[in-house]
Amino acid sequence: MTTTEKSALARKAEASAGKTPAASHQSLANAIRALAMDAVQQANSGHPGMPMGTADIATVLFTRFLKIDPRAAEWPDRDRFVLSAGHGSMLLYAVNYLLGYEDMTIEQIRNFRQLGSITAGHPEYGHAAGVETTTGPLGQGISTAVGMALAERLLAARFGGKIVDHFTYVLASDGDLMEGVSHEAISLAGHLKLSKLIVLYDDNGITIDGALSLSESGDALKRFDAAGWNATRIDGHNPDEIAAAIEKAQKSDRPTLIACRTVIGYGSPNKQGKSSSHGSPLGADEIALARKELGWSAEPFTIPSETLDAWRIAGLRNVKTRKAWEERLAALDAPTRIDFERRLAGDLPAELGKAISAFKEKLVADKPKWATRKSSEEALNVINAVLPETIGGSADLTGSNNTRSKEQKVVTAEDFSGSFIHYGIREHGMAAAMNGMALHKGLIPYSGTFLVFTDYCRPAIRLSALMGQRVIYVMTHDSIGLGEDGPTHQPVEHLASLRAMPNLLVFRPADAVETLECWQLALEAKDTPSVLALTRQNLMPVRLENSEKNLCARGAYELAPASAKAKVSLLATGSEIEIAMAAQAMLEKDGIPCRVVSMPCLDLFERQSREFRDGMLGEGTVKIAIEAAIRYGWDRYIGADGDFIGMEGFGASAPAPDLYKHFNITAEAAVAAAKARLAEKP
């Protein structure tokens, strides 16, 4: 047996015996500081000040409180830790290496911020075990954590406290609390009394520009108190005060903010307490002085065995707890256990496909003339009846977004058994919370507002896409078709803007059948968020024949073929399909064979082969695109000899039919454009 193996066995034995680490708290914390200094210096890039200043907090939290098991990083009932101050990523990487996460090797620490390493400049979900969410854009972490804490309560209400019972911890910065999204998130968390959410605030009084007082004179504790939180201030370098505050927070019936007074860059003689330690390497000379100040004599990237052993013992402290949980899970009745595991895996029940097929057949037979927001509501009545993990909501627009299905109960602070959340007018906080619910696993969040207000949600939508999370954004009132509310509420650039975002599916269905199919695709996209852009105005049904296939699945399909070899292809989405169909009839009457292609999802269309795309667009035909939005993004489809019927600027306040005529988004305009382009062809 090697020395390393003997040491590992000894650590396991000590952990099983419940022994506390032999090394001092100071040496454990200094290990974090040393790794942070060394990694940032080697990368010549990064933020050493925050990890050095919060090392005491992290040491107490991870060695004494956090319920995790590095050997089972995905343990469903683990506590969640969110480093909202993502710029201090070396804190998390150092802790994960010290605790013994298998993938976080010392070589990864050495390669901090380098191409191909898992130690990115800001923590990135999916790159390294123990990273619960991507953080970096300030305010997002704490807001996402609200969703995680909410997910814990929702699942506990469904599966019981013996299966779901864990805390969500956040380490947040001044910047997190200044960002507007955090105001929305803490207000929601206080309203719902998410008592298992504990935020440790790195209250160091320093921002990049200098002292916090340059830009902030508010009282963070009073703000949290007013939002229904417990709020207290402690010495963030006193392990006893840190532990006592966490113990008290764990017993609270409200979420808790612990403001930890810290010194940024703690241990650096010339830079601690200054903004100069925030976002730049300390420099070799200053690191040497800091090592002396901290009493740390080990070489760079080297942790003394006694200190590393103590950390590794801490990493093993929850093995028994985790195994006991696994036994409780195994003891559940088979249907409950299978349902729990299915939800965590993100798999959909077989009943969903059957229910969607049956409803599609009914829609084709009934031919309802619904707005697609109403079509979405009717689809949700079917979906939610067989998919219990969906959690719906709206940003105070429930009756307009139509996101609450018939049987959904409201989630309240007293009862988390419901599945519909009133988010209030908190679009950004809503989107971030949905990210947290999706990351937690076991739930499929969706919620609604107006499409124009994706501007308020965009940073969180971007993170949904970056992290590959199944979050469904139901965005209604999708064009000038909303009418009298005018240009402030009429989205014109939003479809193009959202389509430009990688790994985001933007659906714009044309009728009830397409809406149902788009919902099915959004639910099946396990690693991709979706936006459903839906109309306020009623639409004529266009899918008049039933198809067992999901025709929207490839992003585009021929809705109406030409009577002979096509000379014109009309490409349209959503409400403008009606216009395309009318234009087709007019062109065919004039002896010009014309086909209509519905393109409900350009993102899915782009994933298809070049051969499929060229064939679907209609090689050799004049291509006219019709969409009540700006042209951006359509030229790649219509080509140099095509044309676009749509918006060139902002909308106006008037009834929808008048607006379509005013902006010349009509069948007549499409016909004129097609004839003009045909006349130009040689």
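Residues numbered from 1 in each chain as written. Predicted model: local features only at pLDDT ≥ 70, side-chain atom pairs only at ≥ 80, totals over all residues. Heavy atoms only, no water.

Focus: the overall build of the protein chain
Helix and strand content of the protein chain: 27 helices and 18 strands. Taken over the C-alpha trace, the protein chain has a radius of gyration of 28 Å; the compact-globule value for 682 residues is 26 Å, and the two agree within 12%. In terms of principal-axis extent, the alpha carbons of the protein chain reach across some 90 × 55 × 55 Å. Within the protein chain, buried positions represent 61% of all 682 residues. Residue pairs in contact within the protein chain that sit at least 24 positions apart in sequence constitute 78% of those at least 6 positions apart. (Helix = DSSP H or I, 4+ residues; strand = E, 2+ residues; numbered from the N terminus. Rg over C-alpha atoms; globule rule 2.2 N^0.38 Å. Buried < 20%, exposed > 50% of the residue type's maximum accessible area, 1.4 Å probe, protein only. Contact = heavy atoms within 4.5 Å.)

A short note on helix H27 (residues 667–680)
End to end, H27 covers 20 Å across 14 residues, agreeing with the expected 20 Å (1.5 Å per residue, within 8%). Among the residues of H27, those classed as buried are Ala667, Ala669, Ala670, Val671, Ala673 and Ala674. Where H27 is buried, its residues meet strand S15 (568–572), helix H22 (577–589), strand S17 (622–630) and strand S18 (643–647). (Expected span 1.5 Å × (residues − 1).)

Re the nonpolar core
Leu150, Leu194, Leu197, Trp229 and Met437 are the most contacted members of the largest nonpolar core, which totals 73 residues. The element contributing the most residues to this core is helix H6 (residues 140–159), with 11 residues. Every residue in contact with Trp229, bar those within four places of it in the chain, is listed here: Ile186, Ala189, Gly190, Leu197, Val199, Phe224, Arg254, Pro255, Thr256 and Leu257. Counting 70 residues, the second largest nonpolar core, distinct from the first, contains Leu98, Phe112, Ala120 and Ile234. (Core = buried A, V, L, I, M, F, W, Y, C linked by side-chain atoms within 4.5 Å.)

Some words on unusual backbone geometry
Residue Lys441 is not a glycine yet carries a positive backbone phi of 80 degrees. Position of Lys441 among the secondary structure elements: in the loop between helix H18 (427–440) and strand S10 (444–450). Taking relative accessible area as the criterion, Lys441 reaches 28% and is therefore assigned partly exposed. Unlike most non-glycine residues, Asn664 shows phi in positive territory, near 60 degrees. By secondary structure assignment, the location of Asn664 is in the loop between helix H26 (656–662) and H27. Asn664 sits in the partly exposed class, given a relative accessible area of 48%.

A word on the state of the cysteines
One pass over the structure, following the stated rule, counts zero disulfides. Here Cys552 stays free of any disulfide, with the sulfur of Cys518 as its closest cysteine sulfur at 4.2 Å. (Disulfide = S-S within 2.5 Å.)

A few points about helix H11 (residues 284–294)
When H11 is considered as a whole, its buried residues turn out to be Glu286, Ile287, Ala290, Arg291 and Leu294. Looking down the long axis of H11, one finds its buried residues gathered within 145 degrees of arc, a one-sided arrangement. Turned more than 90 degrees off the buried face of H11, the exposed positions are Asp285 and Lys292. With its phi angle positive at about 70 degrees, Gly295 sits one or two positions after the end of H11. (Arc of directions from axis to C-beta.)

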